[in-house]
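What follows is each chain in one-letter form.
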Amino acid sequence: MNTTLLSGLNPPQLQAVTLPQQSALVLAGAGSGKTRVLTTRIAWLISTGAVSPHGILAVTFTNKAAKEMVVRLSAMLPINTRGMWIGTFHGLCNRLLRAHFREANLPQTFQILDSGDQLSAIKRVMKALNVDDEKFPPRELQNFISGSKEQGLRAHEVEAYDPYTRRKVEVFAEYDAQCQREGVVDFSELLLRCFELLSRNQQLREHYQERFRHVLVDEFQDTSPLQYQWLKLLAGKHAALFAVGDDDQSIYAFRGANVGNMQELLRDFQVGTVIKLEQNYRSHGNILDAANALIANNRNRMGKNLWTAEHGGEPLRVYEAPNDVEEANFIVGEIKQLKSEGVKLSEMALLYRSNAQSRVLEHALVSAGLSYRVYGGLRFFERQEIKHALAYLRLMENTDDDNALLRIINFPTRGIGARSIEQLQDAAKQYNTTLWDAAARAGGKVTAFVALIESLRAATCDLPLHPQGAGRGVPGAFGSTLPLPEIIEHVLEHSGLLAHYRAEKESPSKRREAEERLENLAELVTAATLFVHEHEEDSLTAFLTHASLEAGEHQAGDQDDALHLMTVHAAKGLEFHTVFITGLEEGLFPHQNSQNVDGGLDEERRLMYVAITRARRRLYLTFAQSRMLHGKVGYGMASCFLRELPDELLRWLSPRVVQRSNPFAAFGYAPPAPAAATQRTAQASPGGGGVWRIGQRVFHQKFGEGSITGVEGGGADARVQVNFKHAGSKWLALEYAKLTQL
DNA sequence: CGCACGTGGTTTTTT
DNA sequence: ACCACGTGCG
């Protein structure tokens, strides 16, 4: 069996897969067979008898990756993977916390807040503490709280030397207290609580350390400090930590990922050699050469050079459009051509740095009648109507969940206005109880609401009476527990949700929307049916957890043959025959906001590296001289990343305006095409003599060096937009600003 | 209570 | 340009 398992592996892959029991770091380049190595390693460990499935802990970031691992593993080994600990960080922490809810000081039916829920919970805390949301934007507090937790810090551990931070810490502390009262945990709490549980409870810790002999991690470069601490704790002194990752594909620093964990792992686990997977099985040579050349500009890399047996291939096609609409039109033309040559639409992807860019592309695609699918956007379980429905279910299960109560106490409207809700909140505060208890004491319409929830609960299940909470249709003391899909159907009908949207269908303006919402609610029942089937688990708690932890595919239906439109971030891990990287302009890609961040440009470059390595055969790089951004036309220069690609790998499809010998104008940056810039190209130049045009490099006494990215007006009013190297982007009046042309 | 209008923000995102 | 959110009116 081992021979089949290992056949076809290249030497470093084989080395990684068959490593003896020891910790390791596998530096796995894009398209180097990383997932294969990871799953084969597990299969090899099990099939050689080195470890039982029981002793494996395999961690990923996304549900998709976890699922993929399970599927591949099942194909390799005739074992039941169900009992194995393969999952996401959050999923596995949830599993641990459910199993030891008492030790973790959580109610058995604790609910998980998604980011939206978390934000509303924070807003409530801020209101209660009278925090000015002008000075403290709730979003910032959310980042502060989640960020601190990802560092492994509780409120009292955060260093707060200024009054501003101290206030934020206050909110943090009260927010955690509120969550505890309400029996809910947010995503990062799931990890932190689990970490604390294991570090404080020696018995539990030793139990799991004893159990897991091999801890395997995917996408290790994306781990946060807390996640790494968690891994270290579970690995203990005896387990082997097998980490697979690629520092060049680290693109999630903004959400707490710490590439430095790779170096730390080498030290902490005394890893002698790093195994490098550098043979790429995806792309043609030119594409890889371009990627290698680009990423070589980054400092502090672990060092890696992708190569392929498939040399050469087509050159990278570069296109400079006068504006964003023309860029889109060009792309549409190329797609049509490729399609006629037999490349499937689903084998092509349009990538962009930010979501807003999809608009123009979509418009052009619709006009051309090409079908496409945009990734990212509202996910199934995040839809308003679904969240409403889930809130009923959550409240039924855990009446302490104030978030859930507030969401539905007056939806559909039942005459409980802001006033009544405020009274409830006051009462709850006064008696130090949850809103539910306050509501139970209130009168009038609130009483009817309480009765409604109780009748829903009585009619469907007796959750509080479940001894194990494990579901399986165990009849409660009264009546019987309905199957999960029927519980949901009952709640949808009797909560008034269905009636509400059916009524909205009568209004012509809302018909479409209401129809869609009704369809989604029906889909929720289907999702529950599916869930019961797939998980052999029919407890409401499990389903609600599933809904929080797995927000579901963005859209139902995999479409027949449609183009893929997505951000570069979303494209990580995917591959296509043809890839278009669009909007390659300074300020867009690399993004403006990365300029002021330490290491920001390097991360943008890694993002570009990820984008390039998505392509198997053909790669287009496009940019526009001008584009509509935030409602205004802006002018950008070609991305510096284009300059970092070897000339000989590129084929320019647009006429090059300026000779390449001028290092600055290397990308054909000449004055914008007249058609695109009729009014905005100021030829007058009261300031410093020469003609001010986009791309011109300038020097300013105070702001330093920069380059012109926009010109407006003429004569005395002439203004230029300058993107300064260090001071950021500014509009300056030429009459006053002393700009020197460089 | 619900709708109309105004205002501000607008990189990337999984769980 | 566009969307999400909050306030003020009928």
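You'll find the structure just up there.
Residues numbered from 1 in each chain as written. Chains lettered and ligands numbered in written order. Predicted model: local features only at pLDDT ≥ 70, side-chain atom pairs only at ≥ 80, totals over all residues. Heavy atoms only, no water.

Draft legend 1. Quick look at the pairing of strand β1 (residues 24-28). Within β1, five of the five residues are buried, leaving the element largely enclosed by the surrounding structure. Here β1 shows two buried faces, one formed by Ala24, Val26 and Ala28 and the other by Leu25 and Leu27. Across four bridges, the pairing between β1 and strand β7 (residues 240-245) is parallel. Residue pairing in the sheet places Val26 in a bridge with Val244 of β7. When β1 meets strand β8 (residues 274-277), the two strands line up parallel, connected through four bridges. By the bridge assignment for β8, Leu25 is matched with Val274. (Buried < 20%, exposed > 50% of the residue type's maximum accessible area, 1.4 Å probe, protein only. Helix = DSSP H or I, 4+ residues; strand = E, 2+ residues; numbered from the N terminus. Pairing = 2+ DSSP bridges.)

Draft legend 2. Structural view of the packing of aromatic side chains. Within this structure, the stated rule accounts for 18 aromatic pairs. Considering the side-chain rings of Phe381 and Phe543, the 6.2 Å spacing of their centres and the 75° angle between planes classify their relative orientation as edge-to-face. A residue pair is termed long-range when its members are at least 10 positions apart, and Phe381 in the loop between β11 (372-374) and α16 (384-397) and Phe543 in helix α24 (residues 540-549) qualify at 162 residues. Exposure remark for Phe381: the relative accessible area of 6% places this residue in the buried category. (Phe/Tyr/Trp six-rings, centres within 6.5 Å; stacked < 30°, edge-to-face > 60°.)

Draft legend 3. View of the protein's contact with DNA strand B. Taken together, 26 residues are adjacent to DNA strand B, and Asn63, Arg353, Asn355, Gly417 and Thr567 come closest. For DNA strand B, the fraction of protein-proximal atoms (within 4 Å) that sit in sugar or phosphate groups is 59%. Asn63 places a main-chain nitrogen or oxygen 2.7 Å from a phosphate oxygen of DNA strand B. Taking Ile416, its main chain carries an N or O atom lying 3.3 Å from a phosphate oxygen of DNA strand B. (Near = heavy atom within 4 Å. Polar contact = N/O pair within 3.5 Å; in protein donor to acceptor, adjacent residues only side chain to side chain.)

Draft legend 4. Spatial organisation of the sheet that holds strand β3 (residues 85-88). The strand order across the open sheet built from six strands is β3-β2-β6-β7-β1-β8, with neighbouring strands paired in parallel fashion. The strands lining the two open edges of the sheet, one partner per strand, are β3 and β8. Strand-to-strand twist in this sheet, taken as the mean axis angle between neighbours without regard to direction, amounts to 15°. Pairing geometry for strand β2 (residues 56-60) and strand β6 (residues 214-217), over four bridges, is parallel. Bridging from a neighbouring strand, Val59 pairs with Val217 of β6. Its contacts with the sheet put helix α4 (residues 63-76) on β2 and β3, and the angle it makes with β3 is roughly 155°. In this fold helix α11 (residues 225-235) packs onto β2 and β6, with an angle of close to 175° to the strand it touches most, β2. (Axes fitted to C-alpha atoms, helices over the stretch in contact; angles between N-to-C directions. Contact = heavy atoms within 4.5 Å.)

Draft legend 5. Fine view of the nonpolar core. In this structure, Leu390, Leu393, Ile453, Ile488, Leu524 and Phe543 are the most contacted members of the largest nonpolar core, which totals 49 residues. In terms of residue count, the dominant contributor to this core is α16 (eight residues). In contact with Phe543, other than residues within four places in its own chain, are Phe381, Leu390, Leu484, Ile488, Leu524, Ala527, Ala528 and Phe531. With 44 residues, the next largest nonpolar core counts Ile112, Leu231, Leu234 and Leu266 among its residues. (Core = buried A, V, L, I, M, F, W, Y, C linked by side-chain atoms within 4.5 Å.)

Any link to function would need more than the numbers given here.
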